[in-house]
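# Commentary on secondary and tertiary structure
Chain by chain, the residues run as shown.
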Amino acid sequence: MAGITFKNVVKTYDNGVTVVPDLNLEIKDKEFVVLVGPSGCGKSTTLRMIAGLESITSGELYIGDKLMNAVAPKNRNIAMVFQNYALYPHLTVYKNMTFALELAKVPKDEMNRRVQWAAEILGLEPYLDRKPKALSGGQRQRVALGRAMVREPEVFLLDEPLSNLDAKLRTEMRSQITKLHKKLGTTFVYVTHDQTEAMTMGDRICVMKDGVIQQFDTPQNLYDHPCNLFVAGFIGSPQMNFIDAQVKKADGGYALCFGDVEIVVNKPELAAYEGKTVVCGIRPEDFHAEQQFFGSGNVMNAYIDLDEMMGSESYLYLEYAGQKLIARVPARYAKKAEENIELAADVEKIHLFDKETELAI
Amino acid sequence: MDKKPSHARTVIAYIVLIILTFLCLFFFYILLINCTRSHAQIQHGFSALPGSSFAKNFNNVIHDAKLPVLSGIKNSLIVSTFCAILATYFSALTAYGLYAYNFKLKKPAFIFIMLILVMPTQVSAMGFINVITKMGMLNTLYPLILPSIAAPAVFYFMYSYMQSSLPLELVEAARVDGSNEFMTFNRVVLPIMKPALAVQAIFAFVQNWNNYFLPALILQDNSKRTLPILIAMLRSADFLKFDMGKVYMLITLAIVPIIIVYIALSKYIVAGVALGGVKE
């Protein structure tokens, strides 16, 4: 078992494009870390550098305490699950799983034991003699997982393993992988662009953009304390609302003004922004239609452009003071499209960002 | 949209196909018929029915002291089999090298191989004979076998096949699984390449089986000669002893191995070997 450490790692491709400018990251032993970000943010490249499938331009990569820069993939004791499965099409499920074990000269009994164990966990027992083309997408994905499991590797790498599955299967596999991590007690590095996967599976999430780590923290902390506008916007669905607000001095702190709203917050940090505009981030569920949240100045009368009824709650697409907002309110408080609704923001949960640096205040 | 092809069109299509089939197979039929007829019968003209001289012709061919048919078949088999194996294996290996790896001279290497492709054998034949004479390989089978390692046409076929059927993720998966590069090629790439290997093995076998030009230049001993040279020798034998039945019999004997090789290898020519490996 091993942790993974990136020290000032740079990745520049032959065509001169730098995908990862300077990466410092420490993944602890037995941790489940999710690398998440929009496509092209360098998360897959980072994963492939751990696997040894991409060379490292400069910097150092350690697995455990061993420097891995010049170690070939086959000597790294890692297992990887590919986005498109990458099963050996000419081999049966059993042979696919034992391919690596045969190369490692694992005794036959041990090999059988491990395949049986993995097949049992993944429900692949009836399919061991089949070739990949006779399997469904979900089954193939499980074979790919099984192939990695039987290796008993130090590090498990997963590159968007669920993106080819349908929604139901994805949810099911998500919990299977989480359980698997608990059972195996191995370091997992999981790449995805799906923030739901990131939030539900990771012990810690590393949000990346343009090859730069934006924030590396637990899911709860990412959600509650995003360090900049990008993370705030990326984590959470529907997305956080960003409203430009004027800062004014008021009794008991500073008032954030937009439209007719003046929300007073007690944040001494805002002193430097007095008279300036800041970005005010409010999550859709932090708008409330209940009376107890209404305060003086903290009520906005917004026009509902569109409403989406989700059953227990309703997504309201609002227009207020020239800005588009989304609110997520319990169904019984919701109103229909083309009506007006009175909403108040939860003052405790307002996030503030510097408009220029985009960093959290 | 769903218009059925008209009756007349179908009829015409069938007639054309029947004529083409006839043109292809008729000569095989004549060959098979004539190898059962005597020289005199053959000179008489065409017959649709077989004659009774099959055994006689066969004996004449096999027991001709001047014509070492059995050693000719053996030599042809050795040359063609090794050529087929070497050409397909090493071309696949070369194609894999250029397909799966990135290195500085990749493009020039590819262009160089393509340039060799446009060079006819005849152009370099004299130089080639000079070289092998100096190497002491004249009148041996080696100069017919060894050069097939470099087969640019086969290489190009393999390269194209890899582009369409060999996802690099499989190679990466094998690497992560602990396989070294050579093992990856032998255990993952080659099995996926089976249809291409079979096609090219058939081509290489047939091409070398029928090859006359180089063997005629290189092989001088009767015992070293391959079948096409023997057939040519038989046809150019002196007029008084010329036996058409014998010629037809030798040609018939010469095509049997090709048919066997074709039947044996064609079962590997199937679509979808790589199916199901990666999600497209």
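Keep in mind that what you see is a predicted model, and the values were worked out from it rather than measured.

With that settled, the discussion passes to the overall build of chain A. Tallying secondary structure elements over chain A gives 8 helices and 20 strands in all. Dimensions along the principal axes, computed over C-alpha positions, put chain A at roughly 75 × 45 × 35 Å. Of all intrachain contacts in chain A linking residues separated by at least 6 positions in sequence, the fraction that spans at least 24 positions is 65%. For chain A, the accessible area works out to roughly 15700 Å², and carbon and sulfur atoms hold 47% of it. Chain A carries 41 positive and 48 negative side-chain charges, and their two centres are separated by 10 Å.

With that settled, the discussion passes to the nonpolar core. One finds Ile-4, Phe-6, Leu-157 and Val-189 of chain A to be the most contacted residues of the largest nonpolar core, which totals 90 residues. A per-element tally of this core places helix α4 (residues 69-100) of chain B first, with 10 residues. When sequence neighbours within four positions are dropped, the list of residues in contact with Phe-6 of chain A reads Leu-23, Asn-24, Leu-25, Thr-46, Met-49, Ile-50, Glu-60 and Leu-61 of chain A. In this structure, Tyr-190, Met-201, Ile-205 and Leu-222 of chain A belong to the second largest nonpolar core, which totals 46 residues.

Residues and elements named next belong to chain B. As assigned here, chain B comprises domain 1 (7-53) and domain 2 (69-266). Taken residue by residue, the interface counts 8 residues in domain 1 and 9 residues in domain 2. Note on domain 1 versus domain 2: buried area summed over both sides is about 770 Å², and carbon and sulfur give 77% of it. For the domain 1 face of the interface with domain 2, the top three residues by lost area are Leu-31, Cys-35 and His-39, together amounting to 64%. Counting every contact that joins domain 1 to domain 2 gives 0 salt bridges. Linking domain 1 with domain 2 are 2 residue pairs in polar contact (both at pLDDT 80 or more). If you list the elements that add at least two residues to the side of domain 1 that touches domain 2, you get α1 (7-34) and α2 (39-44). Top contributing element to the side of domain 1 that touches domain 2 by residue count: α1, with 4 residues.

Attention now moves to the interface of chain A and chain B. At the junction of the two partners, chain A supplies 25 residues and chain B supplies 24 residues. Contact between chain A and chain B buries roughly 2300 Å² in total, counting both sides, with carbon and sulfur atoms accounting for 61%. Between chain A and chain B we count 4 salt bridges in total. Looking at the side of chain A that touches chain B, the elements that each hand over two or more residues are β6 (78-81), α2 (93-103) and α4 (137-149) of chain A. The greatest single-element share of the side of chain A that touches chain B, amounting to 4 residues, is contributed by α2 of chain A. Considered class by class, the residues forming the side of chain A that touches chain B number 15 nonpolar, 3 polar and 7 charged.

Quick look at the domain arrangement of chain A now. All names here are of chain A. Annotation of chain A at the domain level lists domain 1 (4-234) and domain 2 (241-354). Put simply, the middle of domain 1 and the middle of domain 2, counted by C-alpha atoms, are 39 Å apart. Contacts between domain 1 and domain 2 engage 8 residues on the former and 6 residues on the latter. Considering only the side of domain 1, the residues that lose the most area to domain 2 are Tyr-223, Leu-229 and Ala-232, jointly responsible for 72% of the buried surface there. At the junction of domain 1 with domain 2, the criterion picks out 0 salt bridges. Of the residues assigned to the side of domain 1 that touches domain 2, the class counts are 5 nonpolar, 2 polar and 1 charged.

Moving on, we get to the packing of aromatic side chains. Scanning the model with the defined rule gives 21 aromatic pairs over all chains in all. Centroid distance Phe-242 of chain A to Phe-353 of chain A: 6.2 Å. Interplanar angle 80°. Geometry classified as edge-to-face. Here the residue Phe-242 of chain A occupies a position in strand β11 (residues 241-250), and Phe-353 of chain A occupies one in strand β20 (residues 351-354), the gap between them amounting to 111 residues. Classification of Phe-242 of chain A by relative accessible area gives partly exposed; the value is 28%. A connected cluster of aromatic rings, assembled from ring pairs, spans Tyr-89, Phe-90, Tyr-96, Tyr-101 and Phe-185 of chain B. Cation over ring: Arg-147 of chain A sits above Tyr-88 of chain A, and NZ or CZ is 4.8 Å from the ring centre. Residue placement shows Arg-283 of chain A over the ring face of Tyr-223 of chain A; its charged tip is 3.9 Å from the ring centre.

This part is about the layout of surface pockets. The volume enclosed by the largest pocket comes to roughly 880 Å³. In terms of lining residues, the largest pocket is bounded by 28 residues, among which Thr-121, Pro-147, Ala-150, Pro-152 and Gln-207 of chain B are the most central. When residues of the lining of the largest pocket are traced back to their parent elements, those giving at least two are α5 (106-117), α6 (121-134), α7 (142-145), α8 (152-165), α11 (194-210) and α12 (213-218) of chain B. The volume enclosed by the second largest pocket comes to roughly 670 Å³. Every residue lining the second largest pocket is counted, 25 residues in all, and those nearest its centre are Leu-53 and Glu-54 of chain A together with Ala-100, Asn-102 and Arg-175 of chain B. Elements represented by at least two residues in the lining of the second largest pocket include exactly β1 (4-12) of chain A together with α4 and α9 (168-176) of chain B. Top element by residues in the lining of the second largest pocket is α9 of chain B. It accounts for 4 residues.

Residue and element names in this part refer to chain A. Strand order in the open sheet formed by 5 strands is β15-β19-β16-β17-β18, with antiparallel pairing between adjacent strands. Of all strands in the sheet, those with a lone pairing partner are β15 (287-288) and β18 (323-330), marking the two edges. Sheet analysis places strand β16 (residues 300-309) next to strand β19 (residues 340-345), joined by 4 bridges and oriented antiparallel. Counted as the bridge partner of Asn-301 is Glu-342 from β19.

All names here are of chain A. Helix length check: helix α5 (residues 167-184) (18 residues) gives 26 Å between terminal C-alpha atoms against 26 Å at 1.5 Å per residue, within 8%. Contacts from the buried residues of α5 go to β3 (32-36), α3 (108-122), α4, β7 (155-159), β8 (187-192) and α6 (195-201). Directly after α5, the chain includes Gly-185, whose backbone phi takes a positive value near 60°.

Thresholds applied
Residues numbered from 1 in each chain as written. Chains lettered and ligands numbered in written order. Predicted model: local features only at pLDDT ≥ 70, side-chain atom pairs only at ≥ 80, totals over all residues. Heavy atoms only, no water. Helix = DSSP H or I, 4+ residues; strand = E, 2+ residues; numbered from the N terminus. Contact = heavy atoms within 4.5 Å. Areas by Shrake-Rupley, 256 points an atom, 1.4 Å probe, with all protein chains shown as cover. Lys, Arg positive; Asp, Glu negative; His and termini not counted. Charge placed at Lys NZ, Arg CZ, Asp CG, Glu CD. Core = buried A, V, L, I, M, F, W, Y, C linked by side-chain atoms within 4.5 Å. Buried < 20%, exposed > 50% of the residue type's maximum accessible area, 1.4 Å probe, protein only. Domains from an automatic or database assignment. Buried area = accessible area lost by both parts, 1.4 Å probe. Salt bridge = Lys/Arg side-chain N within 4 Å of Asp/Glu carboxyl O. Polar contact = N/O pair within 3.5 Å; in protein donor to acceptor, adjacent residues only side chain to side chain. Nonpolar A, V, L, I, M, F, W, Y, C, P; charged D, E, K, R; others polar. Phe/Tyr/Trp six-rings, centres within 6.5 Å; stacked < 30°, edge-to-face > 60°. Lys NZ or Arg CZ within 6 Å of the ring centre and 35° of its normal. 1 Å grid on protein atoms, 1.4 Å probe; cavity = no way out; pocket = protein on both sides within 12 Å on 5 of 7 lines; lining within 4 Å. Points joined across faces, edges and corners; volume = space filled by probe spheres on them. Pairing = 2+ DSSP bridges. Expected span 1.5 Å × (residues − 1).

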